[in-house]
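# What the coordinates show
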Amino acid sequence: MDDAAARWDELARQVLGTGGLDRDAALVLAGEGDTAGLMRAAASVRDAGFGSVVTVSRKVFIPLTQLCRDVCHYCTFAHPPRRGQRAFLTPGEVLEIARAGARVGCDEALFTLGDKPELRYKVVREELAALGYATTLDYLKAMAELVLRETGLLPHLNAGVLTVDDLSMLRKVSASQGMMIETTSERLSARGGPHFGSPDKLPAARLATLEAAGEAQVPFTTGLLIGIGETRTERVEALLSIRASHARHGHVQEVIIQNFRAKAGTRMAEAPEPSLDEHLWTIALARLILGPSISIQAPPNLRADELAPLIAAGINDWGGVSPVTPDHVNPEAPWPALAALANATAKAGKVLSPRLAVYPTYLFDAPRWLDKAVTPFVLRRADAGGLAHESGWRVGEGESFDSTVVEWPASPAIAGEARDLDALFDKAFAGRGLEEAEIVRLFDARGHEAQRVAEAADALRREAVGDTVSYVVTRNINYTNVCSYRCGFCAFSKGRHNEHLRGKPYELDLGEIQRRTVEAWERGATEVCMQGGIHPDFSGETYLSIVRAVKQAVPDMHVHAFSSLEVRHGASTLGLSVTEFLIALKEAGLGTLPGTAAEILDDEIRAIICPDKLNTAEWLDTIGAAHRVGLKTTSTIMFGHVDHYRHWARHLIRLRHLQEETGGITELVPLPFLHMEAPLYLKGGTRQGPSRREALLMHAVGRLALHPVIPNVQASWVKLGEGGIVAALKSGANDIGGTLMDESISRAAGGMHGQEFPPDRMEAAVRASGRLARQRTTTYTDAPSRQKQRSYAANALTPRVEAAAGKFAKVGSFAARRG
């Protein structure tokens, strides 16, 4: 390394240590001519904060009004009133634009408008009165609320100079707001300057708005417009002012470094445009002043053929790009297609990923930064990393996993693959166990990096368990949906607080359980899987009687039953220890336990989604106790609601530690959250499940993080559908679970993939993945030949009998009728 490179690397280290250049150092660099050196340091700082991801927002541009009281001498967006033209878009026109964007997968509705035109034009005041509004801001608020409510697009509002009260009013209907500082040079507002005659462009007014946004706790976008006559020192002063406001309030989520474009018909039509070197210099200085945490953006349509240098200078975001509407501010510069932008980003060594109008830091602290009425709309579009879902696919919905109406561009390979992933793959293949931060890194893989994680997991699967894909012929028997717990994710259980959810309360008597067991055996099943709600009238004796009834009806049927919660409930009602009750269940005929009720093994999350349920330590202790008395279990993770990647990592690490201690876990079963009927979702408190990328990564990262201690990773057709399990089988999974025959829990939550996945369809899906199928037992031995033959020639199921539950009383309850 030469001395110059060492100098810039040292500068990057200083910035990372302090969070940004101090004022004196920044002003010294205002005279720095080594743009390449600045870019080297800036890129290092950017990478420390944002890694390999460059983001973009899929948006529609809604020019609510192009009238403005200001007269910037470079602007063609704003113009005086024109005969025969309305001053404002109508509500119908606003909705038409927004709905067009929603149809093609946009996430953001960018409202841009002139500044307070009613203060200058009588026609504006008259039109506002006819619409029923006193001010442009009142109308903007109404239109943003209309778009949010009718389309779900997230409004980002650029309304000019505003007060704290204005910003607070608009905060109620928006995910974020913005206003470019442009410059803090007062001389550019003097006669002959580009801002002369534009009172809203006075630096003091714009800085006051930036400060007010912080006071109003608004996630805010600002930036510089370079090349309008300012000096480099003046740019540095503007950036320092932005940083100072952010230091006081923490509200600046992104800073745009936008290059001036000369436009015909303006007073600055002949003004020189800033060179690429000038643009790169400013981006690099902005990164070094603002540090690694604030996003820095450059509009890709304004340097369409020079995108790679912009990335090299330190940006991590392209801003908003619209597949529907033009850039009304720069109509001469069309937006790049998302596929082209993804390719250009990859060639520069980065992965393009969609984001929302509000950045992850602010979404993760939503009570502070978002209005409670807006938060649910943001959550519906967010993934666990706080960015946007790549596609329109949602868990359990009927839309094909492989073909969605809204699709993110195919992931091109990136220049200079991330070497840190290779090191993690090597560690996983060696079975050494991954740390929390390492697992989080794998979950945060996007684009081609996510594909690399899936491929590594698939290779490890092939090495560990071969190419055969297993499944089990089983029947689910959910013996009651009455439950005294109030888990926020569950639409299956019925109790005093959730009778309104789909399905009526029921209890199965022992005769119906036995009938279903016999029917399942005759249809080739080797297992019945039995779980239910925690019925207030049930005791440990209830669970013992269920096991005995099954074994009496079909002695060779494997009983796979009872979550940790049911086990602890049963033990407590009989005055037994958990271990004593497990021994009793085993003696009655219990074969194995499902590892359900785990949800997310982190009490931070459990306090939100299941506060009255057993905690993490209790789940681990119960499953460990089962293993110690000779009962194997599965393990599950129910993800994609209020959790984040760190919680997923902790869950997997805790499973690994348990398995290293006991060796009793047969498989990992990822269970993507079904949101549609979940009580907490209906209250606006969760996301809409994991994204498609995340659903596949859970299988892949599970394989890598748990190797070699948990050999099997299962894909759930109930959650993913047929196309989803094929994709999961290429991402580390080697098992596709059970045929089920009766599926109640996911259907109650809104799942649409049916109740049964018979052997012929199971094996067709396996063949579609290029693999061979094997029918197995619960413990992964080969299924008996006789049962296999029966499974391929099974008759249709006879109608189920589900007796209505008593009104949460002992009279008429299962407990009173079980004998």
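To be clear, the structure that these remarks concern was listed above.
The structure reproduced in this document is the subject of the present report. This is a predicted model, so every value here is computed, not measured.

This part is about the sheet that holds strand β14 (residues 558-561). The parallel open sheet is built from 7 strands, whose spatial order is β11-β13-β14-β15-β16-β17-β18. The sheet is open, and its two borders are formed by β11 (474-478) and β18 (712-713), each paired with just one other strand. Direction of pairing for strand β17 (residues 665-672) relative to β18: parallel, over a ladder of 2 bridges. Bridge assignment links Leu668 to a residue of β18, and that residue is Val713.

This part is about the packing of helix α18 (residues 448-465) against helix α27 (residues 692-706). Following both chains from N to C, one finds α18 and α27 inclined at 40°, their axes separated by 8 Å at the closest point. Here α27 runs oblique to α18, going by the angle between their axes. α27 is crossed by α18, and the crossing has left-handed handedness. Together, Ala450, Val453, Ala454, Ala456, Ala457, Leu460, Arg461, Ala464 and Val465 of α18 and Arg693, Leu697, Ala700, Val701, Arg703 and Leu704 of α27 make up the contact between the two elements. A class-by-class count of the residues in the contact of α18 with α27 yields 12 nonpolar, no polar and 3 charged.

The subject of this paragraph is the sheet that holds strand β10 (residues 468-472). Strand order in the open sheet formed by 3 strands is β19-β10-β20, and the pairing between neighbours is parallel. Two strands bound the open sheet, and with one partner strand each, they are β19 (735-738) and β20 (772-776). Neighbour-to-neighbour, the strand axes of the sheet open up by a mean angle of 20°, direction not taken into account. As paired strands, β10 and β19 are joined by 2 bridges and run parallel to one another.

Their axes nearest at 10 Å, the elements helix α9 (residues 232-249) and helix α10 (residues 276-290) cross at an angle of 30°. When the axes of α9 and α10 are compared, the crossing they make is right-handed. Here α9 contributes Arg232, Arg235, Val236, Leu239, Leu240, Ile242 and Arg243 to the contact with α10, which in turn contributes Asp277, Glu278, Trp281, Thr282, Leu285, Ala286, Ile289 and Leu290. When its residues are assigned to classes, the contact of α9 with α10 shows 9 nonpolar, 1 polar and 5 charged.

What follows is about the side chain of Ser716. Of note, Ser716 is situated in the loop between β18 and α28 (717-729). Ignoring sequence-local partners within four residues, the contact set of Ser716 consists of Pro670, Gly721 and Ile725.

Once that is clear, we can look at the pattern of salt bridges. Under the criterion given, the structure shown has 61 salt bridges. For Glu802, the salt bridge is made with Arg516, and the minimal N-O distance between the two is 3.8 Å. Of this pair, Glu802 sits in the loop between α31 (785-792) and β21 (803-804) while Arg516 sits in helix α19 (residues 510-522), and the two are 286 residues apart along the sequence. A salt bridge links Asp782 to Arg774, with the nearest nitrogen and oxygen atoms 2.8 Å apart.

Attention shifts here to the side chain of Asn316. Counting through the fold element by element, Asn316 comes out in the loop between α11 (307-312) and β8 (317-321). Within the structure, the side chain of Asn316 is placed 2.8 Å from the side chain of Arg287, a separation counted as a polar contact. In this structure the side chain of Asn316 is engaged in a polar contact, spanning 2.8 Å, whose partner is the backbone nitrogen of Ile296. For Asn316, the residues in contact, after removing those within four places along its chain, are Arg46, Phe50, Val53, Val54, Thr55, Arg287, Ile294, Ser295 and Ile296.

Another point: helix α5 (residues 122-131). Buried residues of α5: Val124, Glu127 and Leu128, and no others. Mapping the buried residues of α5 onto a view down its axis gives an arc of 100°, with all of them on the same face. Away from its buried face by more than 90 degrees, α5 exposes Lys122, Ala129 and Ala130. Considering only its buried residues, α5 is in contact with α6 (136-151). Once α5 finishes, Gly132 follows within two positions and takes phi at roughly 95°, a positive value.

Take the nonpolar core next. The biggest cluster of nonpolar side chains holds 121 residues, and the ones touching the most others in it are Met530, Phe562 and Trp619. Among the elements that make up this core, the one with the highest residue count is α27 (9 residues). In contact with Met530, not counting residues within four places along its chain, are Ile477, Tyr479, Ile513, Ile546, Val550, Val559, His560, Ala561 and Phe562. Counting residues in hydrophobic clusters, the runner-up holds 95 residues, among them Leu162, Leu170, Leu239 and Leu352.

Criteria and thresholds
Residues numbered from 1 in each chain as written. Predicted model: local features only at pLDDT ≥ 70, side-chain atom pairs only at ≥ 80, totals over all residues. Heavy atoms only, no water. Pairing = 2+ DSSP bridges. Helix = DSSP H or I, 4+ residues; strand = E, 2+ residues; numbered from the N terminus. Axes fitted to C-alpha atoms, helices over the stretch in contact; angles between N-to-C directions. Parallel < 35°, antiparallel > 145°, perpendicular 65-115°, else oblique. Left-handed = near helix turned anticlockwise from the far one by under 90°. Contact = heavy atoms within 4.5 Å. Nonpolar A, V, L, I, M, F, W, Y, C, P; charged D, E, K, R; others polar. Salt bridge = Lys/Arg side-chain N within 4 Å of Asp/Glu carboxyl O. Polar contact = N/O pair within 3.5 Å; in protein donor to acceptor, adjacent residues only side chain to side chain. Buried < 20%, exposed > 50% of the residue type's maximum accessible area, 1.4 Å probe, protein only. Arc of directions from axis to C-beta. Core = buried A, V, L, I, M, F, W, Y, C linked by side-chain atoms within 4.5 Å.

Keep in mind these values describe shape, not function.
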